[in-house]
Amino acid sequence: MNSNKPVTAQVISGEKSGFTLGPLQMGPVCCNPQPVIEVENLSLRYGDKTALDKVTLDIYRGCITALIGPSGCGKTSFLSAINRLTDLIPNCVIGGRIRVDGLDIHTAESNVQALRQKVGMVFQKPTPFPLSIRRNLSLPLREHGVTRRSEIDAISEQVLRDVGLWDEVCDRLDTVALSLSGGQQQRLCIARALALNPQILLMDEPCSALDPIASGVVEDLISHLRGRYTIVIVTHNLAQARRIANYAAFFWVKERAGHLVEFGRCQHIFESPTHQLTAAYISGARG
Amino acid sequence: MLKINAMRWRHFYLDRLVQVFVYLAVLTICAVFLWILIDLLRGGFAHLSWNFLIESPRDAGRAGGIGSILVSTILILLVALGAALPLAWTTAALLAEYVSTTSKFGIVVRYSLQVLAGVPSIVFGLFGNAFFSIYLGLGFSILSGGLTLACMVLPILVSTAEAGLRAVPDSYRLSAAALGMTRAATLIHLLLPIAAPTLAAGLLLGIGRAVAETAALLFTSGYVDRMPGSLLDSGRALALHIFDLSMNVPGGDAPAYASALVLVAMLLCINIFAMKLVQNWQRRRTILE
């Protein structure tokens, strides 16, 4: 199975398929789970509507963790709580504790810009800015203090190569990013997140707005990023979760609030789930 | 069968009727504009010359030109925009980006702007006279007039800019935040360039209102038709000149027509220039570095 291949093998196969990844920054640690995001008793409310109730979950370094479950069970809310995008939503109240790399993200001294640099995010709908491809990448870089033109160009080229977009766009970096196809736009968004050199990537159904071919390309890309980045991906596509994830977390709505039902290795969740609800959802009997 | 046929005929006629009404409405609007333009051209084109544009008026405007009046008009406009634009656009940014739609503060600010927009210009004139001319001691001057106009165009500038910023989809704000960009940087580098066409449209509406203003300037910038020496001199605006020529000066019809023609041409030029400027600016900000 794809997810059990050692990472080195993936890099080699990656080169074959046209992706050229840089040297690995983090080893293949999936056999030795080391938590990088620790979520303890996370509760999340929008006004008086509870979206998540007491979720406790560890995300392991270098692995792909898939969040699965029906719509409205709080997967996206969970994701946006990790990089504090929930701050932008009025009336959103968060309880519990989230630690990224051992540091509580909600303390007074934690810097939200630095957190979001470390924890990148890719949305369901591709959201390139209506600027040039070049400026899409340079704008966030400048914001994080990279101002030398040569450095920006080098990073841009590197991340565009990482997402396999360089050959497609290298001669039209100054055209507006909205002229790219949906799949290219989504890969540009991934590149934009990678440019900030994050440790963690949060992906909210990154393939669901794309056609099957573009979706396949983005999916391949995501599994190639394993090991270099810790990836948390929300997906409604169970087959996709099964193909790419190392770990899976199954969420369910109980008493109109999202709960974590089961978390474990992907193989375990899909082949021998402990919980009846999980089994029913996986087999398509519920949800 | 017969019923269905009758219904089809009814739909057919209804369709045609709507079409006719739509075209009639458009034709009426065009006709009004053309009528004004033709009237102005017929009455004023003969009087128009290069000298008319650069000479100062003589004999209460019956002879000479409108050079000094054009200078005063442009100065008043520059003062008004210079004072109003920074205020308006920062207020709009605050209302659209930093204050929620339901906050008390936002509602109060918006409501005051709406009231301000509905105040008749003569009231602005009296206020300007009392506050800028007398209380601040600026007298009848281009500065007083410009500042009064700034108060007048503020509501238009704020509401258009706010609408423009609000029209930018939230997904851009979210992705910018997810990339660790601060709100200020998002506003300056992303939202303002995207909203630029709306900002420009608001600017043009503001300029239109300011250039056409007569009543408010009567009490503030005065109607001295000499060439202004400084911003503290009184200066007669073009619209006021037209009013004076057509109301108070027997035999002033031809220069009044010519001045009105210049005013319309000036507005057209400002429109085209601003549009080009925005297009260029947006292209530079969005496509290139």
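Because the structure is predicted, anything quoted here is derived from the model rather than measured. (Residues numbered from 1 in each chain as written. Chains lettered and ligands numbered in written order. Predicted model: local features only at pLDDT ≥ 70, side-chain atom pairs only at ≥ 80, totals over all residues.)

Student: A description of the overall build of chain A should follow, citing residues and the corresponding values.
Tutor: Of the regular secondary structure elements, chain A holds eleven helices and ten strands. Evaluated residue by residue, chain A yields a buried proportion of 47% over its 287 residues. Pairs at least 24 residues apart make up 70% of the contacts formed inside chain A by residues separated by at least 6 positions. (Helix = DSSP H or I, 4+ residues; strand = E, 2+ residues; numbered from the N terminus. Buried ≥ 20, exposed ≤ 12 C-beta atoms within 10 Å, placed from the backbone. Contact = placed C-beta atoms within 7 Å.)

Student: Could you give me a rundown of the overall build of chain B, with the residues and numbers involved?
Tutor: Along chain B, the regular secondary structure elements total eleven helices and two strands. Start at the N end of chain B and walk to the C end: the helices and strands fall as α-α-β-β-α-α-α-α-α-α-α-α-α. Scaling as 2.2 N^0.38, a compact globule of 289 residues should have a C-alpha radius of gyration of about 19 Å, whereas chain B reaches 24 Å, well beyond that. The 289 residues of chain B split such that 38% are buried. (Rg over C-alpha atoms; globule rule 2.2 N^0.38 Å.)

Student: Report on the domain arrangement of chain B, specifying residues and quantitative values.
Tutor: Residues and elements named next belong to chain B. As assigned here, chain B comprises domain 1 (2-47) and domain 2 (52-286). Distance between the C-alpha centres of domain 1 and domain 2: 33 Å. Opposite the six residues of domain 1 that make contact, domain 2 presents nine residues. Here the residues of the side of domain 1 that touches domain 2 sort into three nonpolar, three polar and no charged. (Domains from an automatic or database assignment. Nonpolar A, V, L, I, M, F, W, Y, C, P; charged D, E, K, R; others polar.)

Student: I'd like a rundown of the confidence of the model for chain B, residues and numbers included.
Tutor: This prediction gives chain B a mean pLDDT of 89; 97% of its residues lie at or above 70. Note on the complex model: pTM 0.78, ipTM 0.81. (pLDDT = per-residue confidence, 0-100.)

Student: Can you explain the interface of chain A and chain B? Please cite residues and give values.
Tutor: Counting from both sides, the interface comprises 26 residues of chain A and, opposite them, 19 residues of chain B. Elements that contribute at least two residues to the side of chain A that touches chain B include exactly helix H3 (112-118) and helix H4 (133-143) of chain A. Broken down by element, the side of chain A that touches chain B gets its largest block of residues, six residues, from H4(A). By residue class, the composition of the side of chain A that touches chain B is twelve nonpolar, seven polar and seven charged.

Student: Before we move on, could you go through helix H2 (residues 75-82) of chain A and cite the residues and values that matter?
Tutor: The element H2(A) is largely enclosed, with a buried count of eight among its eight residues. Just beyond H2(A), the residue with positive phi is A:Arg84, at close to 60°.

Student: Go over helix H7 (residues 182-195) of chain A, please, and point to the residues and values.
Tutor: The terminal C-alpha atoms of H7(A), which comprises 14 residues, lie 20 Å apart, in line with the 20 Å expected from a rise of 1.5 Å per residue. At the exit of H7(A) stands A:Asn197, carrying a positive phi of roughly 55°. (Expected span 1.5 Å × (residues − 1).)

Student: Explain the pairing of strand S8 (residues 230-234) of chain A to me, and be specific about the residues and the numbers.
Tutor: All names here are of chain A. With five of five residues buried, S8 is to be regarded as a mostly interior element. One ladder, built from four bridges, connects strand S3 (residues 64-68) with S8; its direction is parallel. If you follow isoleucine 64 over to S8, its bridge partner there is isoleucine 231. Pairing between strand S7 (residues 200-204) and S8: five bridges, direction parallel. For isoleucine 200, the partnering residue across the bridge sits in S8 and is threonine 230. Between the parallel elements S7 and S8, the chain passes through helix H8 (residues 212-224) in a crossover that is right-handed. (Pairing = 2+ DSSP bridges. Right-handed = clockwise from strand over helix to strand, strands pointing away.)

Student: Provide a residue-level description of the environment of B:Ser144, including the pertinent values.
Tutor: All names here are of chain B. Structurally, serine 144 can be placed in helix H6 (residues 142-166). On the neighbour-count criterion, serine 144 (29 C-beta atoms within 10 Å) is buried. Placed 65 residues apart in sequence, serine 144 and valine 79 show a C-alpha to C-alpha distance of 9.1 Å.

Student: Give a detailed account of the environment of A:Arg149, specifying residues and quantitative values.
Tutor: All names here are of chain A. Topologically, arginine 149 is positioned in helix H5 (residues 149-162). Overall, the presence of 10 C-beta atoms within 10 Å leaves arginine 149 in the exposed class. Between the C-alpha atoms of arginine 149 and glutamate 168, which are 19 residues apart in sequence, the distance is 22 Å.

Student: Can you explain unusual backbone geometry? Please cite residues and give values.
Tutor: Despite not being glycine, A:Asn91 shows a phi value in the positive range, around 70°. Mapped onto the elements of the fold, A:Asn91 is located in the loop between H2 and strand S4 (92-100). You will see that B:Asp59, though not glycine, has its phi angle at about 55°, which is positive. For B:Asp59, the location among the structural elements is in the loop between strand S1 (57-58) and strand S2 (63-64). Here B:Asp59 falls in the exposed class, since 11 other C-beta atoms lie within 10 Å of it.

Student: Lay out the nonpolar core in plain terms, naming residues and giving numbers.
Tutor: Note that soluble globular proteins tend to have their nonpolar side chains buried in a common cluster. If you look at the biggest cluster of nonpolar residues, it comprises 149 residues, and the most contacted ones within it are A:Ala191, A:Ala248, B:Ala80 and B:Val153. Residues within four places of B:Ala80 in sequence aside, it is in contact with B:Gly146, B:Leu149, B:Ala150, B:Val153 and B:Ala210. (Core = buried A, V, L, I, M, F, W, Y, C linked by C-beta atoms within 7 Å.)

Student: So what's going on with the environment of B:Leu40? Residues and values would help.
Tutor: All names here are of chain B. Turning to its location among the elements, leucine 40 is positioned in helix H1 (residues 2-44). Expressed as a C-alpha distance, the spacing of leucine 40 and alanine 256, which sit 216 residues apart in the sequence, is 9.4 Å. Residues within four places of leucine 40 in sequence aside, it is in contact with Tyr257, Ala260, Leu261 and Val264.

Student: Let's hear about the packing of H5(A) against H7(A): which residues, and what values?
Tutor: Two quantities define a packed helix pair, namely the angle between the helix axes and the distance between the axes. Residues and elements named next belong to chain A. Put simply, H5 and H7 touch, their axes get as near as 9 Å, and they point 130° apart. In terms of orientation, H5 and H7 fall into the oblique class. Of the two elements, H5 crosses H7, and the hand of that crossing is right-handed. Side by side, H5 and H7 meet where Ile155, Ser156, Val159, Leu160 and Asp162 of the first sit next to Ala191, Leu194 and Ala195 of the second. Broken down by class, the residue content of the contact of H5 with H7 amounts to six nonpolar, one polar and one charged. (Axes fitted to C-alpha atoms, helices over the stretch in contact; angles between N-to-C directions. Parallel < 35°, antiparallel > 145°, perpendicular 65-115°, else oblique. Left-handed = near helix turned anticlockwise from the far one by under 90°.)

Student: Please give an account of the pairing of strand S2 (residues 49-60) of chain A that cites residues and values.
Tutor: Residue and element names in this part refer to chain A. In the sheet, strand S1 (residues 35-46) pairs with S2 via eight bridges, with the strands oriented antiparallel. Considered in S2, the bridge of leucine 42 is made with valine 55. Linking S1 to S2, which pair antiparallel, is a turn of two residues; within it glycine 47 sits at a positive phi near 60°.

Student: Outline the packing of helix H3 (residues 67-98) of chain B against helix H8 (residues 183-212) of chain B, supporting the account with residue identities and numerical values.
Tutor: Residue and element names in this part refer to chain B. Look at H3 against H8: their axes get within 10 Å of each other, and the N-to-C directions meet at 140°. Judged by the angle between their axes, H3 and H8 are oblique. Of the two elements, H3 crosses H8, and the hand of that crossing is right-handed. Residues Thr73, Leu77, Ala80, Ala84, Ala93 and Glu97 of H3 pack against Arg183, Leu187, Gly206, Ile207, Ala210 and Val211 of H8. When its residues are assigned to classes, the contact of H3 with H8 shows eight nonpolar, two polar and two charged.

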